[in-house]
Amino acid sequence: MVAVLAAFLGLTILWERKVAAEETKPVEVATGIRYEFLARWDIDRLNRILVTEMPGFSGLPVSYSPARNAVRLYRVTYPSVIPERGNRPTVASGLIALPDNAAAALPLVSYQHGTVYGKEDVPSFPEQSHETQAMIAQFAGQGYALIGADYFGLGTSTEPEGYMVKASHQQATVDMLTAGKAVLADLKRRPTGLFLAGWSQGGFVTMAMLERLEATGIPVAAAATASAPVDVFVPLNGYLNFPRKIDAAWVNSLFILSAFAFENYYGVPGLARSVIKDDVYDLAKAAYERTATDLARIPTDLHALIRPDYFDPHFFAASAYGRLVAQTQAYRWVIRTPVRNFYGQTDEAITPGLGQLAATYQRAIGNTQVEAVSTGDTTHRGTFARSLPQWKAWFDALAR
């Protein structure tokens, strides 16, 4: 009897190891679309994220819907193209988070992440992204399928980072949606509706993605953002010409990342050097390339970072950099999808006026589909924290 039991246990262990090995083996579901199992997060882990870790990240206590199910996480790699470089082929990465339950049909949320300072602080490396963890816990932990693109240059991508490069953001997210649906089908899951959400840079990307989806006739149930810079010329102009006492020290990174990304993707040699002072250029370039070892050496005073001419608003607007920035907007079309843009009154990066800009523009042309929603006196992270359960409640109501 003991020998039989030992043999049974041995076979069980071998089977569990076989399953574990198969789970980590990449699966190809279509040409170039591959996915691999990353981890299973149980309900306790998800609720710890919501109850303990999110308040620590945001500095704001917020009540979230507790997780109802565990989740399974997958990294996806998929083929895409870079529009600004003549549709040159590339490979991008992203995340799929699925509820670990028997539901075959489930609503789908595409989440667009905010600005990151590490190449792997993105959805497909969820252990390194607090905002991704919060989205997983609040949505996948409540029965939604969740997907999120890493964007070009981040995650496993070998490209330079395409920070705020609009068409590339649209391409990466729309192709991730295609890849995500292919993986869902392979896992015998079916999306019942599509929702979009994003914070900070991800708010801009969410609106840009929505613009592309509406233009191609792909229906979206609703889109929600928090602290979205829907017109990048607005905040950069403000930081240069109308600085506030509460402006974040890290807004220096927005100039660095965009200047180098625009140079690389739009093919404008010397663009970043024309913006950034010579004595800090190499350090700024290393920060963009994620090779800098001491980011604290980068000046937080924009006058020590940016060439003096750019503090003249006429020069900035007429410059090659300023003209590219001015094209980087995602709100000036007739929006058909219900949209809610959440904004904070004391956000250190996004002014209330910018937070309301898309709704103001749409209402000016007579369109009531876009609503601006204040989260009160919240910081940049606090705006995300307070928006998240409101996104969830709104999506729940529409998904019924």
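Rules behind the numbers
- Residue indices begin from 1 for each chain and proceed along its sequence in written order.
- Thresholds applied to this predicted model are a pLDDT of at least 70 for local features of residues and 80 or more for the giving and counting of side-chain atom pairs; totals over whole chains, interfaces and linings are not thresholded and use all residues.
- Water and hydrogen atoms play no part in the side-chain values, which are based on all heavy atoms of the structure.
- Secondary structure elements are defined from DSSP: runs of H or I of at least 4 residues count as helices, runs of E of at least 2 residues count as strands, and each element is numbered from the N terminus.
- The globule rule used here is 2.2 Å times the number of residues to the 0.38 power, and the radius of gyration it is set against is calculated over C-alpha atoms.
- Only protein chains enter the area calculation, which uses a 1.4 Å probe; residues under 20% of their type maximum are buried, those over 50% are exposed, and those in between are partly exposed.
- In what follows, a contact means two residues having at least one pair of non-hydrogen atoms within 4.5 Å.
- Only the protein chains shown count as cover for residues, and all accessible areas are computed by the Shrake-Rupley method using a 1.4 Å probe.
- Charge assignment: positive for Lys and Arg, negative for Asp and Glu; neither His nor the chain ends contribute.
- For the purpose of locating charges, the reference atoms are NZ of Lys, CZ of Arg, CG of Asp and CD of Glu.
- Here, nonpolar core refers to any group of buried Ala, Val, Leu, Ile, Met, Phe, Trp, Tyr and Cys residues whose side-chain atoms link them within 4.5 Å.
- A pair of strands counts as paired when DSSP detects no fewer than two bridges linking them.
- By the criterion used throughout, a crossover qualifies as right-handed when its path from the first strand across the helix to the second strand runs clockwise, the strands pointing away from the viewer.
- Salt bridges are defined as contacts in which a side-chain nitrogen from Lys or Arg sits within 4 Å of a carboxyl oxygen from Asp or Glu.
- Note: pLDDT gives the predictor's confidence per residue, expressed from 0 to 100.
- Interaxial angles span 0 to 180 degrees and are taken between N-to-C directions of axes, which are lines fitted to C-alpha atoms, for helices over the stretch in contact.
- If an angle is under 35 degrees, it is roughly parallel; if it is over 145, roughly antiparallel; if it lies from 65 to 115, roughly perpendicular; otherwise it is oblique.
- Residue classes follow a fixed rule: Ala, Val, Leu, Ile, Met, Phe, Trp, Tyr, Cys and Pro count as nonpolar, while Asp, Glu, Lys and Arg count as charged, and any other residue, Gly among them, counts as polar.

> What exactly am I supposed to notice about the overall build of the protein here?
The helix and strand inventory of the protein stands at 15 helices and 10 strands. A globule of 400 residues ought to have a C-alpha radius of gyration of about 21 Å, and the protein, at 22 Å, matches this closely. Projected onto its principal axes, the C-alpha coordinates of the protein cover approximately 85 × 45 × 40 Å. Per-residue burial for the protein yields a buried fraction of 55% across its 400 residues. Restricting to contacts in the protein with at least 6 residues of sequence separation, those with at least 24 account for 79%. Taken as a whole, the protein presents about 16500 Å² of accessible surface, with 56% of it coming from carbon and sulfur. Here the protein contributes 36 positively and 37 negatively charged side chains, and the mean placements of these two sets differ by 5 Å.

> How do you make sense of the nonpolar core when you look at a structure like this?
The nonpolar side chains of a soluble globular protein tend to be buried, and buried together. Core analysis: the biggest nonpolar cluster contains 91 residues, and Val76, Tyr78, Leu236, Ile276, Ile306 and Tyr321 have the highest contact counts within it. For this core, the element with the highest residue contribution is helix 7 (residues 252–266), accounting for nine residues. Of all hydrophobic cores here, the second largest spans 38 residues; its members include Leu50, Ala137, Val373 and Trp394.

> For this particular structure, what's the right way to read the pairing of strand 6 (residues 145–149)?
Along a regular strand, successive side chains alternate from one face of the sheet to the other. Most of strand 6 is tucked away: five of the five residues are buried. Pairing of strand 4 (residues 88–99) with strand 6, which is carried by four bridges, proceeds in the antiparallel orientation. Paired with Ala97 across the strands is Leu146, a residue of strand 6. Two elements, strand 5 (residues 105–112) and strand 6, share three bridges in a ladder whose sense is parallel. The partner of Val109 across the bridge, within strand 6, is Leu146. The parallel pair strand 5 and strand 6, bridged by helix 3 (residues 130–138), forms a crossover whose chirality is right-handed.

> Quick question: what am I supposed to make of the pairing of strand 1 (residues 27–30) here?
Relative to strand 2 (residues 33–41), strand 1 is paired through three bridges, and the arrangement is antiparallel. Directly across from Ala30, in strand 2, lies its bridge partner Ile33.

> Would you mind going over the pattern of salt bridges with me for this structure?
Note that side chains of opposite charge can pair when their charged atoms are close. Counted according to the given criterion, the structure contains 15 salt bridges. Between Glu28 and Arg34 there is a salt bridge whose closest N-O contact spans 3.4 Å. Judged by its relative accessible area of 47%, Glu28 falls in the partly exposed class. Across the pair Asp278 and Arg273 runs a salt bridge whose closest N-O atoms are separated by 3.7 Å. Within this structure, Arg273, Asp278 and Arg307 form a network of salt bridges that share partners.

> Just to check I follow, could you spell out the confidence of the model for the protein for this structure?
Regions with low pLDDT should not have their predicted coordinates read in detail. The predicted model of the protein has a mean per-residue pLDDT of 94, with 94% of residues at 70 or higher. Note that pLDDT drops below 50 for residues 4–22; the model gives that stretch zero contacts with residues more than four away or on any other chain.

> What's the story with the environment of Pro79 in this structure? I'm lost.
Among the secondary structure elements, Pro79 is positioned in strand 3 (residues 71–82). A relative accessible area of 39% means that Pro79 is categorised as partly exposed. Excluding its chain neighbours within four sequence positions, the residues that come into contact with Pro79 are Thr31, Gly32, Ile33, Thr90 and Asp175.

> In this structure, what is going on with helix 3? I would like to understand it.
Two residues of an α-helix separated by three or four positions point the same way, owing to the 3.6 residues in each turn. With eight of nine residues buried, helix 3 lies mostly within the body of the structure. Residues Glu131, Thr132, Gln133, Ala134, Met135, Ile136, Ala137 and Gln138 constitute the buried set of helix 3.

> Before we go on, may I ask you to explain the packing of helix 7 against helix 9 (residues 278–288) in this structure?
When two helices pack together, you describe them by how their axes are tilted relative to each other and by the distance separating the axes. Running from N to C, helix 7 and helix 9 point in directions that differ by 80°, and their axes come no closer than 9 Å. With respect to helix 9, the element helix 7 is oriented roughly perpendicular. Two secondary-structure elements touch here, helix 7 through Ile256, Leu257, Phe260, Ala261 and Asn264 and helix 9 through Tyr281, Ala284, Lys285 and Tyr288. Grouping the amino acids of the contact of helix 7 with helix 9 by side-chain chemistry returns seven nonpolar, one polar and one charged.

> Would you take a moment to explain the sheet that holds strand 7 (residues 190–199) for this structure?
Strand order in the open sheet formed by 10 strands is 1-2-3-4-6-5-7-8-9-10, with mixed pairing between adjacent strands. In this open sheet, the two strands that pair with only one neighbour each are strand 1 and strand 10 (370–374). In this sheet, adjacent strand axes meet at a mean angle of 25° when their direction is disregarded. Relative to strand 2, helix 2 (residues 43–58) is tilted by about 85°, and along the sheet it contacts strand 2, strand 3 and strand 7.

> Hey, could you run me through unusual backbone geometry in this one?
Only a minority of non-glycine residues have a phi that is not negative, and only a minority of peptide bonds are not trans. One non-glycine residue, Lys188, lies in positive phi territory at about 65°. Overall, Lys188 belongs to the exposed group, its relative accessible area being 65%. Of note in the backbone geometry, Arg290 takes a positive phi value of approximately 65° without being a glycine. Mapped onto the fold, Arg290 is located in the loop between helix 9 and helix 10 (302–305). The exposure class assigned to Arg290 is partly exposed, which follows from its relative accessible area of 23%.

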